[in-house]
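Understanding the architecture of this molecule
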Amino acid sequence: MQKLSIIVPCYNEEETVKLFYDEAGPVLASVGDIEWEFIFVDDGSKDGTILALRRLAEEDSHVRYLSFSRNFGKEAAMYAGLQAARGDYAAIMDVDLQDPPSLLPELLRAVREEGYDCAAVRRVTRKGEPRVRSFFARMFYKIVNRISRTEIVDGARDYRLMTRQMVDSILEITEVNRFSKGIFSWVGYNTKWVETENVPRAAGKTKWSFFKLLIYALDGVIAFSTAPLAISSILGLLFCVISFLAIIFVIVRQLVWGGSAFGWPSLVCIILFLTGIQLFCIGILGQYISKIHMEVKDRPIYIVRERGGSDD
Ligand code: UDP
Ligand code: MG
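Anyway, here's the lowdown on the structure attached to this text. Everything numeric in this text was worked out from a predicted model, so none of it was measured. Residue positions are given per chain, counted from 1 along the sequence in the order it is written. Think of it this way: whatever chain is written first is A, whatever ligand is written first is 1, and the rest follow in order. Where totals are concerned, whole chains, interfaces and linings use all residues; where local detail is concerned, this predicted model gives features only for residues with pLDDT of at least 70, and gives and counts side-chain atom pairs only at 80 or more. Heavy atoms from the whole structure form the basis of all side-chain values; hydrogens and water molecules are not counted.

**What about the site of ligand 1?**
Every one of the 17 residues lining ligand 1 counts as a neighbour, but Glu 13, Asp 43, Asp 96, Gln 98 and Thr 206 are closest to it. A distance of 2.9 Å is found between an oxygen atom of ligand 1 and a backbone nitrogen or oxygen belonging to Tyr 11. A total of 530 Å² of accessible area belongs to ligand 1 in isolation, and the protein chains cover 89% of it. Here the term charged refers only to Asp, Glu, Lys and Arg, the term nonpolar to Ala, Val, Leu, Ile, Met, Phe, Trp, Tyr, Cys and Pro, and the term polar to all other amino acids, Gly among them. Across the shell around ligand 1, the residue classes break down as 5 nonpolar, 4 polar and 8 charged. Consider each residue's heavy atoms; a residue with any of them within 4 Å of a molecule or strand counts as near. The term polar contact refers here to a pair of N or O atoms within 3.5 Å; inside protein, the definition further demands a hydrogen-donor-capable atom paired with an acceptor-capable atom, and it admits residues adjacent in sequence only when both atoms are side-chain atoms. Under the convention used here, a 1.4 Å probe and the Shrake-Rupley method define accessible areas, while residue burial counts only the protein chains that appear.

The structure is reproduced here in structure tokens:
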């Protein structure tokens, strides 16, 4: 029988682990002709998440878990889960039930019967989300899709079900700065998009502050586009041309009218403006160099402290 691996990143989710398991388990059982395993990845939680996972693994042989030595982030957790998956198919789901398990049969059908390599979920509403956050999220997708050749779908969740072949392709990408929304799209393959409404969290709190999301968005831009570098080069070129014209203007004025002692305030403005632009461009450069720095170190993406569940 074919097997489906369900990968579930958890960070401080003691309240939701059991809720998730109780809802997803019966859905999988109802499919009938498929084996399944849950791979919970405890991303260095500081609450009782690991206790909940140990208990589930003892009770049910479908449950396996990994526990990280510290919080490595959801991206690392998804990667670890995909590495541990043994199924012919793998799905990634949030534990807070914002990724409805009831969609699993539909996703599975798309991949098994309709010939897709991947079925992914995208939410068409952002109901219940703070306005400011929705606004910036929309802006992010607009900008990143304009400047990157890899398409990043607005509203795409990380909830998706993939074939083994696609999982292997994703695992080949071993970069440390992982931005999965881009990676899923970069590897290609046929994806079916299943649309859904935004579902509020079952319990617990979101782990993403506005600031954390902002940094994540910037990482996404830098990981999938070199446009900011091009923009800084173009700015540099533009100011070269302007300064060249200005020099000609100043020389001609000096030769024709002579004596130009005034103009000190405008000079200060120009100097401030140009140093600002320079620092901005050096900053962009620095962002890319810092990413190179992290990649070159080649540290592991995650460190496992404990594994459990069937024959682990
Ligand atoms: N998560 C994680 N590591 C983190 C942050 C979050 O594994 O550092 C998990 C979290 O437990 C949940 C999923 O990623 O299963 C999505 O997180 P959350 O629901 O907090 O994000 P939101 O849905 O609000 O964007
Ligand atoms: Mg959530």
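From this point, the narrative continues.
**Quick word on the pattern of salt bridges**
Here a salt bridge means any side-chain nitrogen of Lys or Arg lying within 4 Å of a carboxyl oxygen belonging to Asp or Glu. Summed over the entire model, instances satisfying the criterion amount to 15 salt bridges. Lys 74 is the partner of Asp 94 in a salt bridge, and the nearest nitrogen-oxygen pair spans 2.9 Å. With Asp 94 in the loop between strand S4 (89-92) and helix H4 (104-112) and Lys 74 in helix H3 (residues 74-84), this pair connects stretches of sequence that are 20 residues apart. Measuring nitrogen to oxygen at the nearest pair gives 2.9 Å for the salt bridge that ties Lys 192 to Glu 114. Pair noted here: Lys 192 is in strand S7 (residues 191-196) and Glu 114 is in the loop between H4 and strand S5 (118-123), with a separation of 78 residues, a long-range link. A relative accessible area of 41% means that Glu 114 is categorised as partly exposed. What you see here is one network of salt bridges that share partners, running through Lys 74, Asp 94, Asp 99, Arg 157, Asp 158 and Lys 181. We count a stretch as a helix when DSSP gives it H or I for four or more residues in a row; a strand needs E for two or more, and each element gets its number in order from the N terminus. The buried label applies to any residue whose accessible area, calculated with a 1.4 Å probe on protein chains only, is under 20% of its type's maximum; exposed applies above 50%, and partly exposed to all values in between.

**Some thoughts on the layout of surface pockets**
Picture a little ball the size of a water molecule; that probe, rolled over the atoms, points out where space is still empty. A cavity here means a set of 1 Å grid points, computed over protein atoms only, where a 1.4 Å probe fits but cannot escape. A pocket is an open set with protein on both sides within 12 Å along at least 5 of 7 lines, and lining residues have an atom within 4 Å of a point. Grid points are joined across faces, edges and corners, and a volume is the space filled by probe spheres set on the points. Roughly 440 Å³ of volume is contained in the second largest pocket. Taken together, 16 residues make up the lining of the second largest pocket; nearest its centre are Ala 246, Val 250, Ser 266, Leu 267 and Ile 270. Secondary structure elements with two or more residues in the lining of the second largest pocket: helix H9 (227-256) and helix H10 (264-297). Counting residues per element, the lining of the second largest pocket draws most heavily on H9, which supplies 8 residues. The residue makeup of the lining of the second largest pocket, split by class, is 11 nonpolar, 4 polar and 1 charged.

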